[in-house]
Structures are given as structure tokens and as C-alpha cells.
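Each chain, written out:
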Amino acid sequence: MNFSMKIMALLFAISVLPFSAAAQEQEETLLLTGSISGRVINSSTREPLPAANVVVIGTSFGAATDLDGVFTISQLPVGVYSVRASVIGYQAEVISDVVVSTSRPAQLTFALIQMDLELDEVTVTAGYFRTSPATPVSTIVQGNEEIRRSPGSFEDVVRAISILPGVAQAEGGRNDLIVRGGAPSENLYIVDNIEVPNINHFGTQGAAGGPTSYINLDFVDNVSFSTGGFGARYGDRLSSVMTINLRNGRMDRVGGKATISATQFGINLEGPVNENGSFLFSARRSYLDFIFKAAGFGFVPEYWDFLGRTEYRLSDHDRLTVLGILALDNVRLFNETAEQRYNNSRILSSDQTQFTGGASWQHLFGSGFVTTTLGQSIVRYNFGQQDWNTDYENDEIVIDDIFRNNSLEHETSLRSDITMQLTRRTEFSFGVQGKAIRFIADVELDTIVDAYGETLYTDAYFDTVSYKASAYAQISHRFSYLRWTVGGRFDYFNMIENPVAFSPRVSVSYPLTPHTNLNASFGQYYQSPSNIWLVAYPENRNLDYIGVNQVIAGFDHLFRDDSRMSLELFYKDYFDYPTSLLRPYLVMANTGAGYGGVDEGFASFGLDPLSSGGEGWARGFEISLQKRLSDSRWYGLFSLSYTESMFTALDGEERPGAYDQRWIMNFGGGFIPNENWEFAAKFRFATGKPYTPYNPDGTKSVINYFGERVDANHSLDLRADRRWYFPNWVLIGYIDVQNVYAFESNSPPQWDYRNMRVDEESSITILPSIGISVEF
């Protein structure tokens, strides 16, 4: 039995044990009920909206908000519902996928957008689709349940959004997001208003990928993901912004959740601190180390992560939130056999410690609110890679360390953002941010010759404190039916040649009919080079900001309140992209995905002398059709994307980008027949990305750089969820099967140096996963 079959069998066996011991279906005839509580507020000022009408769609249950905008709906039969909030003068909003259970109250926050009374009859009522005047294009908001039940995502915040239009996966089993042809390093992550360098375990330094996220989905309220056209508030990234909003802890009593799945187990706790505050806490550990050891692997990854959060109401106008997240990653290598020693030489091992935390204070002042956030992020990397050689005298494989990278990135940030509603038609926001970054890197690469015949060597130590600053302003106004938003931001980074960049941005939205909007945006975006790129050579500190001009145009149409279609066209013009002086075909836009290491010539670490001479472009279109869960019991999302990306390095040759997957088609959907069962499916098709073929002797030729493509990949994932409701607690089980019809995925070939041929070993095909949770 090969490694793939071993790990599949062990995952299934370990997962099924707790599930087989679960309680049998409850047969009580007693009607079990739960409750929904929450607040209705003004989206621009965060002031409570009293006398708002909150109804559970398809039922007779409802409530009105009190003077504090608070509502409670009790004695609601368990199940999954959609809830609508409305008040005169505001656009109604619907939150779907609201799970009412016996274990804890469902908590909702409706942030309603104020409207002109005289224009209500011609304004699109999005209902089930959350909108923002500042981001009329390329933005989708997903709730907790939509992410949790996505097949094949392992309840991972990042992996679940890979089905959205414009998003490609660089490599199966990883969270390296490729957004509209951009590199994995071009994506910004924000958790509770704190910028996070990377939200994945075993992350890639200088980029933002990894195999799995360390954000506990149980504590996520919603995720807003923008694939372009985002407003002036966000900077230092070129392609996307993912904003993760965590929920508050329950206020009725202390409760929690215990979970065991195919890859990890964990415990959650939450409850009130007093009448004005609540807390959240979770601890999770993988048991991949047990699985990998049992399967005979020579490398064993293991991780822990911890999350703590508290929210406290200081007064009617002031709230304080404190957040701390710690992720501990470790890879152990066992070089006991020749096979293990050779396999381990292909692995870039990584021990990492990541901490993100901070405090946010929100103050309401009548016409708006101000949010001030003090944030900290600390990431310690310890990378290493070994090389192998044959000891012919003793007929065995021996290994030597060839790469070592010990780095520390410590970032302290302070930002303040103010949003004001100047009139019913006008919203104004501005903010400032400052960062101090302590960066230490000790990097050593022994002399090696890569597949292209280039000699690589690095021995560098870098210890510095650098500074970043930014300021932005943005105004959104409606002239008659036309809504426009214009803004700009300044960014400053003292470590590069031209430390100041200005980014103008504008977006417009026009309702053709009460159900159809025309949307467009134009913007300039700048991103500073990754810290690790500045280490190897002094000239790397003379790099410029990486820049891109983006143009987006399209429309969206509501077939009904819960069903929407959108079409968008986009064009991205990249300039001043770092490119290698040593390897003149290499642009850093083509790095950052996967685990890197010797097979890619350690390119993602920027160990070459670099200059800002690269350029490129990406263009394409996206079509999406989405049906939210509503009074009907099914939901679905279909997306079709075409993206073409080309980059030019110092040699002047225009070549396809490393992540140039032209066609991507996704479908995800499901059916909820009753309060106990859920069924979901996800199908994905993507044409192959470029790669450079090997010559018969295991070398590569620059003339063939990205000259061939892997074949198309496709897969079908299925998931079934079952809930057993009991008084005051719930038992939840799921079965998730990836790649149901066992398609052997295509990926760029690797070279087998022992046998001097292309490695033909296939990847894992079908992968079942079973998990069980007890919520109390």
C-alpha cells in the first residue's frame, strides 16, 4: 500500500471512531426550541435603530427593537432560518443561514443603510445580499454557516472562498489564493480590524499561503472578500482584501463546544464576563503527527492554535475589544531509512510561531464613529532544507543541511478610522495608520546549481527597524440615482528607493431598474516589497513600490430577493515588479505558492539581486449566479471565470504568469430538507497552469520557461451534516468526501534524481473525512 492509500485509510479510521460512538437519533416528541437575539444599527453611525421590525421569514415569529436597538425572539423551533430587519428610511437586510439550536442563542447584527425616502421606489433592495456604497464591485460577504458547510473546505475560512469568482488555487491542499492573476503575496487579511501577515499554519514567508487556516470558524460572524476595486481604506496590497469579523461571546451563560475531526481536535468556551461583556476562548491541536508516523512518513507536521477574545461595553457609546491568537507549528524529520532521507531532502521544513493580537476601541459620536486599534503581529520562522548524496562505499543515502533561515518579523501598528454620515446621501471616512517593524533575518544557502544551471549562494544577516505610515480619505455620495465614491491614500515606507506613493480610487454605481445596477471602478494600488526580499543583497533595498492600475466594469441583477447574477470585466496593469538580475527570466510575481525550497531555487525568498524592472498585465471576465438559502430549502453558487496573465522580466520576453489558469468553473450548492439534515456538493474545473518541462538529463532550459501546461483538473466533493438536538446541548456530525470519483489530479512534474526520470507518483485521490462536535 503506497503512502497515499495509507494516509487515506488512517484518516478514515481515526475519524470514524468517535462518530461510531455517537448517540443514536433522539426520538422524543417534545418540541425543542431556541432563540435569536441581536441588534439593529445604522451602518454609517453605528447608532441603534429603535422600533425596527425583525421577522423570521416563513414563520409568524418576530420582534421589535427597543431603544438600544436590541431584539430577542424566543421559543422558536430548532432549525435553519432567514431573518429580515427593516425600518422606515433604511434598506431592509436579510441574514440567511441562521441556525436556531438548543445549545446557545443565535446572535445577529443588522447594519442597515440609510436611504432617501423619495428614492425608495427606484432603489434596488438587495435583501439577502449585503452591500456597501464604498465597494459596489467585486465583493461578496459570506456568513459562518455558508463557510462551515462548504464541501472539501474542512471548515477553513480561506479554503471555502476558493469557489468564488476570480479565485484560483495555486496548488491542491493549500490556501495560496490567486486572485485575478495576482501572486499569493498580493492578498490582505484583516481580523477584527487588525492586519495579519498570514492566517495559515506553516505559512510561506513573504507571501500569505499555507495548508490550513488557524482562525477558528466557530467564532467567525462573517467574512467579506473583495477581489478588486476595494476602497482607499485598504492599502499595501494589490489584489484582494479579506475582512474576518469575529462574533461576541454568548451572554446568557458559560457554554462551549468540543470537536474532533479528521485532522484535529479542540475545545471552545464562551460566556459572559459580567452584564457588560463576554469572552471567547479556543484551543486546538492537530493529530497529523500520529497519522503521518503511522503511515511511515519521514516528516511529521504538528500544530497548536489558541484564540482568546473579550468584548466589553464601557458605556452606551464606547466598546472595547481585545483579541489574541497564537499558532505554534513544528515539523519533525525522521531520517531512519534511505527512502525517508531522500523524501525529506525534497521538503522545506518549517517551524513557526505566530502571534496576532491587539485592542480596538470604538466610540460613537452622533453622526459617526471612530475606531482606534493597537495591533501586534509577531512571526518567527525557522526554515531548513537538506540535500542528499549517495555514499557508494556504504551503499546508502546521506544528507547535509544546505539552507537555513531564522527570521523574526515583529510589527506594531496603531490606526484610527473615522466614518461620518454628513447627510442622508453623503458618507465620509478618513484614517491614519503608523507601523514600526523589527525585522531580523539570518539566511544561509550553501552553493547550489539550480535546474537552469545558475549558481546560487547566500550568507546574509539583516537586523533593522523600519517604519510605515498611511493616510486616506474617502467620500461617497448619491446624485439622484448615481452613487459614486472617490478617495485616495498616501503610503510611506522608509526602506525603499521612493518611499511615498499616492493611490487615487473611484467607483460608481447606477441603478438601471429597481433590480439592475451598472457598476465600475478605477484605482491605483501599491504594495511594498516583502521584508525577506530586502535581505540578500544591499541593492534590494533600492526597490520601488510594486504598482498596479485596475479597471473593473460590470452589472448585477436581482431575479428575486434571494437570487442574483453578476458579470464583471477587469484589467490589471502591473509595473515596477521586482525581477532578478541573476535570473533575468524571473519575476517575483511568479513565486510564493507551495512550500518552495530547492525545487524552485528558493525563488520566493528573494535571495537574488533584485531590481524593479518587471511588468505585466492580467485581464478577464467573471460570471456568477447565486441563490441564497431562503423560504425555499436549497441554495447554490455558480461561477465561471476567464483570466489571462502575462509578465515580462529583465530579458524582455513576455511569458504567461505562473498562475495563469485560463478557465475556472465552480458550482457549490445544497439542500436542507429539515432541521436535522443538510446535504451539499461542490464541483470545480480548472484548466492547467504553465510549467517548465525537464530536459532528459533533469535540467531545464530558459527557452522553454513556462512553455507547457498541465492538463485540466476537476473534482467533486460531497458533504452531509446531521444534528441531534437535546435540551441545552446539540450533537453534530458530518461526512465530507473529497474527489468522489477519484480523479488523479495533474500537477507540474518533479524530477526523480535517484532514477534520473520524471517522478510519476500520483497524488491522493478520494479522501473521506468524518467529524463530530458536541455543542453545550
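Residues numbered from 1 in each chain as written. Predicted model: local features only at pLDDT ≥ 70, side-chain atom pairs only at ≥ 80, totals over all residues. Heavy atoms only, no water.

Engineer: Account for the sheet that holds strand 2 (residues 53-56), with residues named and values stated.
Structural biologist: Read from one edge of the open sheet, four strands run 3-2-5-6, paired in antiparallel fashion. The open sheet has two edge strands with one neighbour each: strand 3 (62-64) and strand 6 (93-100). Neighbour-to-neighbour, the strand axes of the sheet open up by a mean angle of 20°, direction not taken into account. Taken together, the four bridges between strand 2 and strand 5 (residues 79-86) define a ladder with antiparallel strand orientation. (Pairing = 2+ DSSP bridges. Helix = DSSP H or I, 4+ residues; strand = E, 2+ residues; numbered from the N terminus. Axes fitted to C-alpha atoms, helices over the stretch in contact; angles between N-to-C directions.)

Engineer: Let's hear about a nonpolar patch on the surface: which residues, and what values?
Structural biologist: A cluster of nonpolar residues, Phe479, Tyr481, Leu482, Val486, Val506, Val508, Tyr510, Leu512, Leu518, Phe522, Val551 and Tyr571, forms a patch on the protein surface that exposes about 950 Å² of accessible area. Listing elements by their share of the nonpolar patch, those giving two or more residues are strand 27 (482-493), strand 28 (500-513) and strand 29 (516-527). In terms of residue count, strand 28 provides more of the nonpolar patch than any other element does, four residues in total. Turning to its location among the elements, Phe479 is positioned in strand 26 (residues 455-479). (Patch = residues over 30% accessible without salt bridge, like charges linked within 9 Å, V, L, I, M, F, W, Y side chains within 5 Å. Areas by Shrake-Rupley, 256 points an atom, 1.4 Å probe, with all protein chains shown as cover. Salt bridge = Lys/Arg side-chain N within 4 Å of Asp/Glu carboxyl O.)

Engineer: For unusual backbone geometry, give the residues involved together with the corresponding values.
Structural biologist: One non-glycine residue with positive phi stands out, namely Ser138, at about 55°. In this fold, Ser138 is placed in the loop between strand 7 (106-112) and strand 8 (139-143). The backbone of Ala742 sits at a positive phi, close to 60°, despite the residue not being glycine. Its location among the elements puts Ala742 in the loop between strand 40 (729-738) and strand 41 (750-752).

Engineer: Tell me about the side chain of Arg159, residues and numbers included.
Structural biologist: Looking at the secondary structure, you find Arg159 in helix 3 (residues 157-160). Ignoring anything within four residues of it in the chain, the contact list for Arg159 reads Gly152, Ser153, Phe154, Gln169, Gly173, Arg174, Asn175, Pro211 and Thr212. (Contact = heavy atoms within 4.5 Å.)

Engineer: Now, about the pattern of salt bridges: what can you tell me, with residues and values included?
Structural biologist: Under the counting rule described, the total for this entry stands at 47 salt bridges. Two residues, Arg174 and Asp176, come together in a salt bridge whose shortest N-O distance is 2.5 Å. Among the ionic contacts, a cluster of salt bridges with common partners joins Glu145, Arg148, Glu155, Glu678, Arg719, Asp721, Arg723 and Asp736.

Engineer: Now, about the pairing of strand 15 (residues 220-226): what can you tell me, with residues and values included?
Structural biologist: Across the seven residues that make up strand 15, a large majority, six, are buried. Here strand 8 runs beside strand 15; their pairing, made up of five bridges, is antiparallel. What sits directly across from Gln142, in strand 15, is Val223. Here strand 15 pairs with strand 16 (residues 240-246) via six bridges, running antiparallel. Residue pairing in the sheet places Ser226 in a bridge with Val241 of strand 16. (Buried < 20%, exposed > 50% of the residue type's maximum accessible area, 1.4 Å probe, protein only.)

Engineer: Explain the packing of aromatic side chains to me, and be specific about the residues and the numbers.
Structural biologist: With the rule as written, the count across this model stands at 27 aromatic pairs. Between Tyr642 and Trp663, the ring centres sit 4.8 Å apart and the planes meet at 55°, which makes this aromatic pair tilted. Of this pair, Tyr642 sits in strand 33 (residues 634-648) while Trp663 is found in strand 35 (residues 663-671), placing the two residues 21 residues apart along the sequence. Chaining the aromatic ring pairs together yields one cluster made of Tyr381, Phe383, Phe403, Phe602 and Phe605. Above the face of the Tyr635 ring, Arg149 is positioned so that its terminal group lies 3.7 Å from the ring centre. Above the ring of Tyr734, the side-chain terminus of Arg719 is found at 4.1 Å from the ring centroid. (Phe/Tyr/Trp six-rings, centres within 6.5 Å; stacked < 30°, edge-to-face > 60°. Lys NZ or Arg CZ within 6 Å of the ring centre and 35° of its normal.)

Engineer: Quick one: what's the story with the nonpolar core, residue by residue and with numbers?
Structural biologist: Grouped together as the largest cluster of nonpolar side chains are 47 residues, with contacts concentrated most on Phe403, Ile532, Val535, Tyr577, Phe602, Phe605 and Leu607. Of all elements in the fold, only strand 11 (187-191), strand 23 (368-391), strand 24 (396-423), strand 25 (426-449), strand 26, strand 29, strand 30 (546-560) and strand 31 (563-580) reach the threshold of two or more residues within this core. When residues in this core are grouped by element, the largest group, five residues, is from strand 25. In contact with Ile532, other than residues within four places in its own chain, are Gln205, Gly206, Asn405, Ser407, Phe439, Ala441, Val443, Ser604 and Phe605. Val158, Ile163, Ile194 and Tyr214 belong to the second-largest nonpolar core, a separate cluster that totals 33 residues. (Core = buried A, V, L, I, M, F, W, Y, C linked by side-chain atoms within 4.5 Å.)

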